[in-house]
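# Coordinate inspection notes
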Amino acid sequence: QVQLLESGGGLVQAGGSLRLSCAASERTFSSYAMGWFRQAPGKERDFVAGITGSGGRTYYADSVKGRFTISRDNAENTVYLQMNSLKPEDTAVYYCALDPDRWWEVERTAGSYDYWGQGTQVTVSS
């Protein structure tokens, strides 16, 4: 059973930065694409960013492109989400997820990911 543990959330003012981390228990971590999703109260869980198993390709939602950066350290079984120029509309619970079926591409739908972390709250004040 794969376990994912997020950290790094918190309260930040608009324009500030946060870095989220997601540590995976899976030894073959580099074999899987990883994604970050977020869910605001009363809304669906939306794709934020994704990265292929090797880290060679990254994908972003239009709303975060140019502000967020996803990366991974396969030696440490960890994926990161660097969030800059944060806006109040970025406020949500952020989840990392592992796709056990593919490493060469990234799916943007939450249903493609079988393993999820517990989530970390990000709150951006105006």
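This text follows the structure it describes.
These lines cover the structure that appears in this document, whether it is placed above or below. Please read all numbers here as calculations on a predicted model, not as lab measurements.

## Examining the layout of surface pockets
Rolling a probe over the atoms, with the probe sized like a water molecule, indicates the empty space that remains. Of the volumes computed, that of the largest pocket is approximately 150 Å³. Contributing to the lining of the largest pocket are R38, Q39, A40, K43, E44, D46, F47, A61, S63, E89, T91 and A92. For the lining of the largest pocket, the elements supplying multiple residues, two or more each, are strand 4 (33-39) and strand 5 (45-51).

## Brief notes about the sheet that holds strand 8 (residues 78-83)
Spatially, the 4 strands line up as an open sheet ordered 1-3-8-7, and their pairing is antiparallel. Each edge of the open sheet carries a strand with a single partner, namely strand 1 (4-7) and strand 7 (68-73). Strand-to-strand twist across the sheet, computed as the mean angle between neighbouring axes with direction ignored, equals 15°. Where strand 1 meets strand 3 (residues 18-24), 4 bridges bridge the pair, whose relative direction is antiparallel. Bridging across to strand 3, L4 finds its partner in A24.

## Some details on the pairing of strand 7
The side chains of a regular strand alternate, residue by residue, between the two faces of the sheet. Residues of strand 7 alternate between two faces, with F68, I70 and R72 buried on one and T69, S71 and D73 left unburied on the opposite face. Bridging between strand 7 and strand 8 involves 6 bridges; their strand directions are antiparallel. By the bridge assignment for strand 8, I70 is matched with L81. A loop of 4 residues connects strand 7 with strand 8, the two strands running antiparallel in sequence, and N77 in this loop sits at a positive phi of about 55°.

## Focus: unusual backbone geometry
A positive phi is found at N77, a non-glycine position, where the angle reads about 55°. For N77, a relative accessible area of 14% corresponds to the buried category. Phi at S85 takes a positive value of approximately 50°, unusual for a residue other than glycine. As for its position among the elements, S85 is in the loop between strand 8 and strand 9 (92-99). Using a relative accessible area of 41% as the deciding quantity, one classes S85 as partly exposed.

About the cut-offs
Residues numbered from 1 in each chain as written. Predicted model: local features only at pLDDT ≥ 70, side-chain atom pairs only at ≥ 80, totals over all residues. Heavy atoms only, no water. 1 Å grid on protein atoms, 1.4 Å probe; cavity = no way out; pocket = protein on both sides within 12 Å on 5 of 7 lines; lining within 4 Å. Points joined across faces, edges and corners; volume = space filled by probe spheres on them. Helix = DSSP H or I, 4+ residues; strand = E, 2+ residues; numbered from the N terminus. Pairing = 2+ DSSP bridges. Axes fitted to C-alpha atoms, helices over the stretch in contact; angles between N-to-C directions. Buried < 20%, exposed > 50% of the residue type's maximum accessible area, 1.4 Å probe, protein only.

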